[in-house]
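Examination of the molecular architecture
Below, each chain spelled out in residue letters.
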Amino acid sequence: MAAVLSISVAATAGAAESKAAMQAKVVDGQVYVNTKDLLKAVGGSGQYDAKSGTYTYKGSEAIPKVIEKVSPSVVGIIGKSTEVQDGATSDDRYNLAHGTGVIIRSNGWIVTNAHVVDGLTNPVVVTTDGNTYKITKIYSDALSDLALIKINAKSLKPASFAKASQTTVGETVIALGTPISFSLRNSATVGVISGLNRGVEATYRLIQTDTAINPGNSGGPLVNLKGEVVGINSMKFSAVGVESLGFSIPVDTVQYIIDQFFKYGKIKRASLGLQLEESWSAIVGLPTDDPLTITGVLSPEAKKAKIKEGDVLYSVAGTRVSSVVDINELLKKYLPGQKVKLLMQSDGDIVTRTLVLADRADIVDEEDEAFLADEEQ
């Protein structure tokens, strides 16, 4: 008869629940897994005692270990601010702004927030070993609030990124960054993921967390207990009566922006070329399948598809949409010039329109020109 391997577990308090498929065998009703696979999934260490036939698992003191692991991949970013603060002058050497970044490649590529680097003059990056580097390249995208920057450095330690599908509400997470003062670089705060897919004052959906995120944390990582980046910290609501309400950009959006910058040097963002109005339910945050109403036809492609103001939009490429954020998320899979089918209501009839996607940059330019024309009149 096969011997039964007993497992004594001393897990770290607060450890996140891990879900991983592991190879297993069933012998006499007992399920056996490879201990290497187990440790890879949950972390920690283990030791088998042949005399007693027991395997003792010890938790990895997850949070200190994660901070130690991820810190070398986190940088501080500082520069002179073009915005003059109260009581300061434009030539005041203390009129500075700072934020945080995450190393993604060993040769000096770093991801951060667009609002961290936009408006900075002579920005520099400081790594955890105290070395200082000038930024040689900046690619910034205000719509996603993400930027890619380059420094002339070698042998840096890039962070590991999680898969978006592995993130769960209630999971313990750690934020690393440079809050309030640049002297507080690589500060760590701990909390949980409070919610996913939040459509709050952003182009794409966000992760909500109660982890303390303060000014200067922007652009820093939100990491799980495996030391994987699950989001880039972007903003925090701050008001009387509001506590522990921070938001991070999920890794799927981060990877989308990074890939576009590396491939094209800019974001080729597809657009329906339509101005859309959400339903009352969608605007106030109620669960809804209400469609969107077309309030403006902005692109030549949309006009050619015979879409007009007052039409109602139900789905894009077979996916039901109820908000502009729904559409933005869906269009991350497409490039300008590709075609999608729209299910719509026009003049009381349900119709299908085939639409060639426009380049959002062209649509924004058209809207800006129209705004400027109105201002001149």
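Here, the structure is the one placed above.
Residues numbered from 1 in each chain as written. Predicted model: local features only at pLDDT ≥ 70, side-chain atom pairs only at ≥ 80, totals over all residues. Heavy atoms only, no water.

1. Focus: the overall build of the protein chain
- Within the protein chain, the regular secondary structure consists of 8 helices and 26 strands.
- Here the protein chain, with 377 residues, has 41% of them falling under the buried criterion.
- Intrachain contacts of the protein chain at a sequence separation of at least 6 include 59% that bridge at least 24 residues.
- About 20300 Å² of surface is accessible on the protein chain, with carbon and sulfur atoms providing 50% of the total. (Helix = DSSP H or I, 4+ residues; strand = E, 2+ residues; numbered from the N terminus. Buried < 20%, exposed > 50% of the residue type's maximum accessible area, 1.4 Å probe, protein only. Contact = heavy atoms within 4.5 Å. Areas by Shrake-Rupley, 256 points an atom, 1.4 Å probe, with all protein chains shown as cover.)

2. Section: the side chain of Ser218
- Checked against the element boundaries, Ser218 lands in the loop between β15 (206-209) and β16 (221-223).
- The buried category is assigned to Ser218, whose relative accessible area is 13%.
- A polar contact of 3.0 Å, which involves the side chain of Ser218, links it to the side chain of His115.
- Not counting residues up to four positions away in its chain, the partners in contact with Ser218 are Gly99, Thr100, Thr112, Asn113, His115, Val116, Asn233 and Ser234. (Polar contact = N/O pair within 3.5 Å; in protein donor to acceptor, adjacent residues only side chain to side chain.)

3. What about the pattern of salt bridges?
- Tallied over the entire structure, the rule returns 6 salt bridges.
- Here Asp347 and Lys308 are joined by a salt bridge, their closest N and O atoms 3.1 Å apart. Taken together, the positions of Asp347 in the loop between β24 (339-346) and β25 (349-356) and Lys308 in the loop between α6 (300-304) and β22 (312-316) put the pair 39 residues apart, joining distant regions of the chain.
- For Lys308, a relative accessible area of 34% corresponds to the partly exposed category.
- The shortest N-O distance in the salt bridge between Glu329 and Lys332 comes to 2.8 Å. (Salt bridge = Lys/Arg side-chain N within 4 Å of Asp/Glu carboxyl O.)

4. As for unusual backbone geometry
- Of note, the phi angle at Asn197 is positive, near 60°, even though the residue is not glycine.
- Its location among the elements puts Asn197 in strand β14 (residues 187-198).
- Overall, Asn197 belongs to the exposed group, its relative accessible area being 55%.
- We note that Asp347 has phi near 55°; this positive angle belongs to a residue other than glycine.
- A relative accessible area of 64% means that Asp347 is categorised as exposed.

5. A few points about the sheet that holds strand β10 (residues 132-141)
- Reading around the circumference, β6-β7-β8-β11-β10-β9 is the order of the 6 strands in this closed barrel, with antiparallel pairing throughout. Strand after strand, the sheet turns through a mean of 40° between neighbouring axes, direction not considered.
- Pairing geometry for β10 and strand β11 (residues 146-151), over 6 bridges, is antiparallel. Across the sheet, the residue bridging to Ile135 is Ile151, located in β11. (Pairing = 2+ DSSP bridges. Axes fitted to C-alpha atoms, helices over the stretch in contact; angles between N-to-C directions.)

6. Some thoughts on the pairing of strand β2 (residues 24-27)
- Looking at chain direction, β2 and strand β3 (residues 30-33) are connected through 4 bridges and run antiparallel. Bridge assignment links Ala24 to a residue of β3, and that residue is Val33.
- Connecting the antiparallel pair β2 and β3 is a turn made up of 2 residues, with Asp28 showing a positive phi of about 55°.

7. Details of the environment of Lys333
- Mapping Lys333 onto the fold places it in the loop between α7 (324-330) and β24.
- A residue is classified by how much of its surface remains accessible, and Lys333, at 64% relative accessible area, is exposed.

8. Some remarks on the packing of aromatic side chains
- For the structure shown, the criterion picks out 4 aromatic pairs.
- On the basis of an interplanar angle of 85° and a centroid distance of 5.1 Å, the ring pair of Trp109 and Phe262 is categorised as edge-to-face. Note that Trp109 is positioned in strand β8 (residues 109-112) and Phe262 in helix α4 (residues 251-264), a separation of 153 residues in sequence.
- Under the relative-accessibility criterion, Trp109 is labelled buried at 9%. (Phe/Tyr/Trp six-rings, centres within 6.5 Å; stacked < 30°, edge-to-face > 60°.)

9. Side note on a nonpolar patch on the surface
- A contiguous nonpolar surface patch, about 460 Å² in accessible area, is contributed by Trp280, Ile283, Val284 and Leu286.
- The residue Trp280 is located in helix α5 (residues 280-284) in this model. (Patch = residues over 30% accessible without salt bridge, like charges linked within 9 Å, V, L, I, M, F, W, Y side chains within 5 Å.)

10. Thoughts on helix α2 (residues 62-70)
- Residues of α2 that are buried: Ala62, Val66 and Val70. The arc that holds every buried residue of α2, seen down its axis, measures 45°, which confines them to one face. Relative to its buried face, α2 has exposed residues pointing more than 90 degrees away, namely Lys65 and Glu68.
- In this fold, the buried residues of α2 make contact with β6 (74-81), β13 (172-177) and β16. (Arc of directions from axis to C-beta.)

11. Here we look at the side chain of Ser346
- Relative to the assigned elements, Ser346 resides in strand β24.
- Among the residues examined, Ser346 registers a relative accessible area of 5% and is labelled buried.
- In this structure, Ser346 is in contact with Lys308, Asp311, Val351 and Arg353, ignoring residues within four places of it in sequence.

12. A short note on the environment of Ser315
- Secondary-structure assignment places Ser315 in strand β22.
- For the pair Ser315 and Leu292, spaced 23 residues apart in sequence, the C-alpha separation works out to 9.3 Å.
- If we ignore the near neighbours within four places in the chain, the residues touching Ser315 are Arg320, Val321, Lys341, Leu342 and Leu343.

13. Re the pairing of β25
- Pairing geometry for β24 and β25, over 8 bridges, is antiparallel. Counterpart to Gln345 in the pairing with β25 is Ile350.
- Two successive antiparallel strands, β24 and β25, enclose a turn made up of 2 residues, where Asp347 displays a positive phi of approximately 55°.

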